[in-house]
Amino acid sequence: MRNLKARDIALATVLLAGFAAAGAGIVALVQDSTQARIEENRMEVNRNRIAELTGELDYRNDPVHDTTTLGHELLGGNNLPAWFARDADDEVVGIVFSAVAPDGYSGDIHLLIGVDRDGELQGVRVSAHRETPGLGDAIESERSNWIRDFDGRYLGNPPADDWTVRKDGGVFDQFTGATITPRAVVRAVRRTLEYFDEHRDDLLATRPEEGTSPTEPVPQADANAEDEATR
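Let me begin by describing the structure that accompanies this report.

Parameters at a glance
- Residues numbered from 1 in each chain as written.
- Predicted model: local features only at pLDDT ≥ 70, side-chain atom pairs only at ≥ 80, totals over all residues.
- Heavy atoms only, no water.
- Helix = DSSP H or I, 4+ residues; strand = E, 2+ residues; numbered from the N terminus.
- Buried < 20%, exposed > 50% of the residue type's maximum accessible area, 1.4 Å probe, protein only.
- Contact = heavy atoms within 4.5 Å.
- Pairing = 2+ DSSP bridges.
- Axes fitted to C-alpha atoms, helices over the stretch in contact; angles between N-to-C directions.
- Phe/Tyr/Trp six-rings, centres within 6.5 Å; stacked < 30°, edge-to-face > 60°.
- Core = buried A, V, L, I, M, F, W, Y, C linked by side-chain atoms within 4.5 Å.

Scanning the chain from terminus to terminus reveals two helices and five strands. Start at the N end of the chain and walk to the C end: the helices and strands fall as α-β-β-β-β-β-α. The buried share of the chain, taken over its 231 residues, is 39%. Counted over contacts in the chain with a minimum sequence separation of 6, partners at least 24 positions apart contribute 53%.

On to the sheet that holds strand β3 (residues 92-104), then. In a beta sheet, neighbouring strands pair by backbone hydrogen bonds and run either parallel or antiparallel. A sheet is described by the order of its strands in space; here five strands give the open sequence β1-β2-β3-β4-β5, paired in antiparallel fashion. Two strands lie at the open edges of the sheet, namely β1 (67-72) and β5 (121-128), each paired on one side alone. For this sheet, the mean angle separating the axes of adjacent strands, direction not counted, is 30°. As defined by bridge partners, β3 adjoins strand β4 (residues 107-116) across nine bridges and the pair is classed as antiparallel. What sits directly across from F97, in β4, is I113.

Bringing the packing of aromatic side chains into the picture now. According to the stated counting rule, one finds seven aromatic pairs in the structure shown. Three or more aromatic residues link up through ring pairs in this structure, and these residues are W146, F150, W163, F172 and F175.

Turning our attention to the environment of A51. Turning to its location among the elements, A51 is positioned in helix α1 (residues 2-52). With relative accessibility at 39%, the residue A51 sits in the partly exposed group. Here the alpha-carbon distance between A51 and G114, two residues 63 residues apart in the chain, equals 9.5 Å.

The next point concerns the environment of R130. Checked against the element boundaries, R130 lands in the loop between β5 and α2 (180-204). Given the relative accessible area of 59%, R130 is considered exposed. Each C-alpha atom of the pair R130 and I109 lies 7.4 Å from the other, and the pair is 21 residues apart in sequence. Every residue in contact with R130, bar those within four places of it in the chain, is listed here: S106, G107 and D108.

Right, let's talk about the nonpolar core for a bit. In this structure, F97, L121, F150 and V189 are the most contacted members of the largest nonpolar core, which totals 39 residues. Among the elements of the structure, β2 (77-86), β3, β4, β5 and α2 are those that each provide at least two residues to this core. Broken down by element, the residue count for this core peaks at ten residues, all from α2. Apart from residues no more than four positions distant in its own chain, F150 is found in contact with L121, V124, W163, F172, V185, V186 and V189. Grouped together as the second largest cluster of nonpolar side chains are six residues, I50, L53, V64 and V96 included.

So, on to the pairing of β4. Regular strands show a simple pattern: their side chains alternate between the two faces of the sheet. Taken across its ten residues, β4 has eight buried, putting it largely inside the fold. Here six bridges tie β4 to β5, and the two strands are oriented antiparallel to one another. Looking at the pairing, G114 lines up with G123 of β5. In sequence, β4 turns back onto β5 through a hairpin of four residues, with G119 there showing a positive phi of about 90°.

Right under this line is the structure:
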């Protein structure tokens, strides 16, 4: 009887261990499958954003897989992804930059900025921000057409002194009750164009899967201390 009970206990132990191992395996498979779907969805989101920011450029590669990281004070950060659009000869016809406006009303404003090989803006979109709903969030393309005013512009169009909001003597509209937010975005877009102009040769010479990373340390920006009344 004791031997029978011992065998029953051993069998139960083996079965429980087997169930536990099988359960762990199923969980691992589900996790791997979920991660794969998340990555696939992320790539598709990036692909759609890049397509929106490369205008009518005739490119033949998949920029999602032709990427590098850049860092520079003019871009507002380090390790920022950039994507290259190339023609049939693998020549760069456009670049989508990530940039950060550190002086938004509520903190950093993250941007995606498409530029062709001549430095002309193909589009600008906000990828993340914490600006005030109903005021600063008008920088989103889904909420207003304000950000589309950058399309087709470049350094010199408008002249350097006019790359700011109208309240500061520039050509870009501000929002009613919100000047800090659009001012920060205009500055970040202008600085990105300056970065491209300074590093144009290196960026355009980048070969597929080679990447380029002209970098400089980024100083820490002071917190924005202006209050709502100054907007």
